[in-house]
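Fold and contact review
Each chain is listed here by its residues.
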Amino acid sequence: MNFWNNVKMYDLTQNISHLTPPWPTYEPLQIKFFKRLSPNGANGQLITTSNHVGTHLDGPLHFDTAGRDIASLELDKLVGPGVVVDLSDMAEDYGIYTPKDITDRVEVKKGDILIINTGYHKYGWDQPKADERRYMLRHPGPSMDFVDWVKEMEIKWIGVDCGSADHPMNTKIRDWEPLEAKRADEYMKQKYGKSLDEMYSWPDTYQAMHIKVFPKPHEIIHAENLGGEIDKVLNRRLIIGCFPWKFVGGESSICRIVAFDEK
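Predicted, not measured: the structure shown is a model, and the values here were computed from it. (Residues numbered from 1 in each chain as written. Predicted model: local features only at pLDDT ≥ 70, side-chain atom pairs only at ≥ 80, totals over all residues. Heavy atoms only, no water.)

**Quick word on the overall build of the chain**
For the record, the criterion: In this description a helix means any DSSP run of H or I spanning at least four residues, a strand means any run of E spanning at least two, and both kinds are numbered starting from the N terminus. Restricting the calculation to C-alpha atoms gives the radius of gyration, and the globule rule supplies 2.2 Å times the number of residues raised to the power 0.38. Only protein chains enter the calculation, and the probe is 1.4 Å; a residue is then buried if its accessible area is under 20% of its type maximum, exposed if over 50%, and partly exposed in between. In this description, contact between two residues means that some pair of their heavy atoms is separated by no more than 4.5 Å. Using a 1.4 Å probe, accessible areas were evaluated by the Shrake-Rupley method; residue-level cover was limited to the displayed protein chains. In this charge count, Lys and Arg are treated as positive and Asp and Glu as negative; neither His nor the chain ends contribute. A charge is said to be at NZ when it belongs to Lys, at CZ for Arg, at CG for Asp and at CD for Glu.
Counting its regular elements, the chain contains 9 helices and 12 strands. Taken over C-alpha atoms, the radius of gyration comes to 19 Å for the chain, in line with the 18 Å a tight globule of 263 residues would show. For the chain, the spread of C-alpha atoms along the principal axes amounts to about 65 × 45 × 40 Å. Here the chain holds 263 residues, and 52% of them are scored as buried. Taking the intrachain contacts of the chain between residues at least 6 apart in sequence as the baseline, contacts between residues at least 24 apart amount to 75%. If you sum the accessible surface of the chain, you get close to 12800 Å²; carbon and sulfur atoms cover 51% of it. Taking the average location of the 32 positive side-chain charges in the chain and that of its 39 negative ones, the two points are 4 Å from each other.

**A few points about the packing of aromatic side chains**
What counts, and what does not: Working definition: rings of Phe, Tyr and Trp (its six-membered ring) pair if their centres are within 6.5 Å, and the pair is stacked with planes under 30 degrees apart, edge-to-face with planes over 60 apart, and tilted otherwise.
The full count for this structure, using the stated rule, is 12 aromatic pairs. On the basis of an interplanar angle of 80° and a centroid distance of 6.1 Å, the ring pair of Y187 and Y192 is categorised as edge-to-face. According to the relative accessible area criterion, Y192 is partly exposed, its value standing at 30%. Ring geometry for W245 and F247: centres 5.8 Å apart, planes at 55°, overall tilted. Taken together, the ring pairs in this structure connect F3, W4 and F260 into an aromatic cluster.

**Let's talk about the pattern of salt bridges**
Cut-off, in case you're wondering: We define a salt bridge as a contact between a side-chain nitrogen of Lys or Arg and a carboxyl oxygen of Asp or Glu at a distance within 4 Å.
Under the definition given, this model contains 18 salt bridges. We note a salt bridge from E180 to R138, for which the minimum N-O separation is 2.8 Å. Here the residue E180 occupies a position in helix 7 (residues 178–192), and R138 occupies one in the loop between helix 4 (132–137) and strand 8 (141–142), the gap between them amounting to 42 residues. Across the pair, exposure class does not vary: E180 and R138 are buried alike. The closest approach of N and O atoms between E180 and R183, which form a salt bridge, is 3.5 Å.

**What about the nonpolar core?**
Note the following rule: By nonpolar core we mean a set of buried residues, namely Ala, Val, Leu, Ile, Met, Phe, Trp, Tyr and Cys, connected to one another through side-chain atoms within 4.5 Å.
Ranked by size, the top nonpolar core spans 61 residues in total, and within it L57, I102, I116, V150, W157 and I257 carry the most contacts. Excluding residues within four positions of it along the chain, W157 makes contact with K77, L78, D112, I113, L114, I115, I221, A223, I240, G241, C242 and I257.

**Notes on the environment of Q14**
Condition: N or O atoms within 3.5 Å of each other form a polar contact, as long as, within protein, one can give a hydrogen and the other can take it, and as long as residues adjacent in sequence are counted only when both atoms are side-chain atoms.
Residue position: Q14 is located in the loop between strand 1 (7–11) and strand 2 (30–35). For Q14, a relative accessible area of 10% gives the class buried. As for Q14 and V233, which are separated by 219 residues in sequence, their C-alpha atoms are 15 Å apart. If we skip the residues at most four places from it in the chain, Q14 touches T20, G54, T55, G124, W125, Y135, N225, G227 and G228. A polar contact of 3.4 Å, which involves the side chain of Q14, links it to the side chain of Y135.

**Concerning the side chain of D69**
Relative to the helices and strands, D69 is located in the loop between strand 4 (56–58) and helix 2 (75–78). There is no salt bridge for the buried D69, and the closest opposite charge comes from R68, which lies 7.1 Å off by N-O distance. Of note is the side chain of D69, whose polar atom sits 2.5 Å from the side chain of S72. A distance of 2.7 Å separates a polar side-chain atom of D69 from the backbone nitrogen of G249. Setting aside anything within four residues of it in sequence, one finds D69 in contact with L61, F247, V248, G249 and G250.

**Considering the pairing of strand 9 (residues 157–160)**
Test applied: Whether two strands pair depends on DSSP finding at least two bridges between them.
Residues of strand 9 alternate between two faces, with W157 and G159 on one and I158 and V160 on the opposite face, all of them buried. Two elements, strand 7 (residues 113–117) and strand 9, share 3 bridges in a ladder whose sense is parallel. By the bridge assignment for strand 9, L114 is matched with I158. Relative to strand 10 (residues 221–224), strand 9 is paired through 3 bridges, and the arrangement is parallel. Bridge pairing in strand 10 places I158 opposite H222.

Spatial relationships are all this shows, so hold off on functional conclusions.
Take a look at the structure:
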């Protein structure tokens, strides 16, 4: 395995702690020591958490009652050739990106893993420009033709450096945050000449990047809240790996994501 000497690894994972915000309404990570080095001879911690904190993989079971659990996902599903696309030059609050925005910047091949850099990882909880509301409620999201495009391309899984692979205003956040929805509506009318309801017409399009692509035969799942060294691998083809727990019955899992390149 001498080739390993020529491999460079990039960690695309966000730091995680009790300060890491979960997806809105989900339980945050909670940590406590139940054993200390003195007097117990070892440190031991107990954690309570939802699966949707920090960098995590949404598994098929998350949006499909008949979907597979995390433990059932093959390594060939989780690790393989892929591409990291940089959309940060066009990213703005409530913005929308299209398949053409992707293909104008990188070559996407059938069966790829697709990582989307919106640039919003810079608002992550541990960053100098940390802004939880902007990170979770205003990040860019995909147009509705994205759904059919990822199916056509047979994408293995998608990774995003923000709170969701869906536009935040195409999730329940739209109901939970009416002032944000109002601002998004105004933005879309000015930017696209259509209202929020026209851009994402419920119930047909509701959370489409989960509901319409997670079930078989497509099983296009998502990793969310990427970060780490993502800015070092923009607009490049690499081997990309997602490493969740081998979690029997798990609908999703906290994970680590690594990109592998040649030195």
